[in-house]
Amino acid sequence: MKIALYAGVAAVALTAGVAAAQARDTIQIAGSSTVLPFASIVAEEFGAAFPEFNTPVVGSGGTGGGLKQFCEGVGENTIDIANASRAIKDSEREACTAAGVTDIREIQFGFDGIVFATSVDNDAFALTPEFVYKAIAAQVPVDGELTDNPYTNWSEIDASLPDQAIRLAIPASNHGTREVFEEKVVLPGCETAGVTDEDSCLVLRQDVVVEISGDYTETLARLQSNPETVGVFGLSFYDQNRDTLEVATMDGVTPSLDTVASGEYPVSRPLFFYVKGQHIGVIPGIEEYVQFFLSEGISGLGGTLEGSGLIPQPADKTAEVLAAFEAGAM
């Protein structure tokens, strides 16, 4: 009897949540600052192309912040879509499930590169993962022993680097960019330097590293207030600010749409958004928004988003993603 009662209460709660979502008629989106400009463009284009639907509202907050909101539950007071610059974690899926979000549909829509840039008036940087690791790690190997980081200028790390004080502005832990930065730059650099303890590799200096919780405009403002700062950005943001930023090479490769798409540039990642399947058919326009986003004219080769810095993925991959979404695959 008790089991039946509990099951009935849970069913009523879920139904009430979906019914509450019905009271809202505008798609709500939050998450990655890297995906933000792309999603904002699509939202505006979608509103113009589909006047029967309201223009989606797109916010930021970082990948982690967006997925946290996404996983708060089902209903009017929860977002419909979370933008992400990395794949959802198992722990985040578990949080979603615990809150009743059981239909999570992953949409991969293209690629972006992570770039290092400084003020356009500064000397150019030719970086490697090892150089970056040696600049930001709290401890680095000196004569075979880990010691407190002694470097104050980039040229002390390697004579090929500018004689410029070490200052870095990097994404804080709420950003998916931070995880890719650690995985594809810091850890490989640490390994090349001969350090095998991954935990120590990721302990960063507090004297020269600033962690940015906001979006890339906050990082850009940091560079403008201190031109010696090297900032970490998405390639698409750099492309939109070429007049003020000087981009660094990484392992001798200049980041560009071509070098990221080909895999030649080593610091790149796929981009995603996650759709709350339980809101499809409840919040108007979600299915149409996804189909529009994945259309060739928007995210395909030569599409609107490529002109704004997105690296399109192969058309067959997009077709596969769309088919899985429409089939309800999670």
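Just above, that's the structure.
Quick caveat: nothing in here was measured; it's all calculated off a predicted structure.

1. Focus on a negative patch on the surface
Next, step 1: On the surface, E191, D197, E198 and D199 cluster together to form a negatively charged patch.
Next, step 2: Mapped onto the elements of the fold, D197 is located in the loop between α7 (176-192) and α8 (198-201).

2. A look at the pairing of strand β6 (residues 139-142)
Next, step 1: When β6 meets strand β7 (residues 145-148), the two strands line up antiparallel, connected through four bridges. Considered in β7, the bridge of V142 is made with E145.
Next, step 2: In textbook terms, the turn of a hairpin is the stretch between consecutive antiparallel strands, and for β6 and β7 this stretch comprises two residues, one of which, D143, has a positive phi near 55 degrees.

3. Some points on the state of the cysteines
Next, step 1: The full count for this structure, using the stated rule, is two disulfides.
Next, step 2: In this model C71 forms its disulfide with C96; the gap between the sulfur atoms is 1.9 Å. The chirality of the disulfide connecting C71 with C96 is left-handed, given an S-S dihedral of about -70 degrees. Within this pair, whereas C71 is found in the loop between α3 (62-70) and β3 (81-84), its partner C96 is found in helix α4 (residues 90-98), the two being separated by 25 residues in sequence. By the burial criterion, C71 is buried, and C96 matches it.
Next, step 3: With its sulfur 1.8 Å from that of its partner, C190 forms a disulfide with C201. Sign of the S-S torsion, about -65 degrees for the bond between C190 and C201, identifies this disulfide as left-handed. Of this pair, C190 sits in helix α7 while C201 is found in helix α8, placing the two residues 11 residues apart along the sequence.
Next, step 4: The exposure class of C201 is buried, given its relative accessible area of 2%.
Next, step 5: Should the bonded cysteines of the protein be numbered as they appear in the sequence, the pairing reads 1-2, 3-4.

4. What about the pairing of strand β8 (residues 168-171)?
A regular strand places its side chains so that they alternate between the two faces of the sheet.
Next, step 1: Judged from the four bridges that link them, β8 and strand β9 (residues 209-212) form a sheet pairing that is parallel. In the strand pairing of β9, L168 is matched with V209.

5. Considering the side chain of T118
Next, step 1: By the secondary structure assignment, T118 is in strand β4 (residues 104-119).
Next, step 2: Look at T118 and you get buried, because its relative accessible area is 1%.
Next, step 3: There is a polar contact of 2.9 Å between the side chain of T118 and the side chain of N122.
Next, step 4: Of note is the side chain of T118, whose polar atom sits 3.1 Å from the backbone oxygen of T229.
Next, step 5: Residues in contact with T118, not counting those within four places in the same chain, are D123, F125, Q164, L223, P227, E228, T229, V230, T244, L245 and E246.

6. Section: unusual backbone geometry
Next, step 1: Positive phi outside glycine occurs at D143, with the angle close to 55 degrees.
Next, step 2: Within the secondary structure, D143 is located in the loop between β6 and β7.
Next, step 3: Taking the relative accessible area as the measure of exposure, D143 reaches 80% and is therefore exposed.
Next, step 4: With a phi close to 55 degrees, D251 is a non-glycine residue in the positive phi region.
Next, step 5: Mapped onto the secondary structure, D251 falls in the loop between β12 (249-250) and α11 (257-262).
Next, step 6: For D251, a relative accessible area of 47% corresponds to the partly exposed category.

Calculation rules
Residues numbered from 1 in each chain as written. Predicted model: local features only at pLDDT ≥ 70, side-chain atom pairs only at ≥ 80, totals over all residues. Heavy atoms only, no water. Patch = residues over 30% accessible without salt bridge, like charges linked within 9 Å, V, L, I, M, F, W, Y side chains within 5 Å. Areas by Shrake-Rupley, 256 points an atom, 1.4 Å probe, with all protein chains shown as cover. Salt bridge = Lys/Arg side-chain N within 4 Å of Asp/Glu carboxyl O. Lys, Arg positive; Asp, Glu negative; His and termini not counted. Charge placed at Lys NZ, Arg CZ, Asp CG, Glu CD. Helix = DSSP H or I, 4+ residues; strand = E, 2+ residues; numbered from the N terminus. Pairing = 2+ DSSP bridges. Disulfide = S-S within 2.5 Å. Buried < 20%, exposed > 50% of the residue type's maximum accessible area, 1.4 Å probe, protein only. Polar contact = N/O pair within 3.5 Å; in protein donor to acceptor, adjacent residues only side chain to side chain. Contact = heavy atoms within 4.5 Å.

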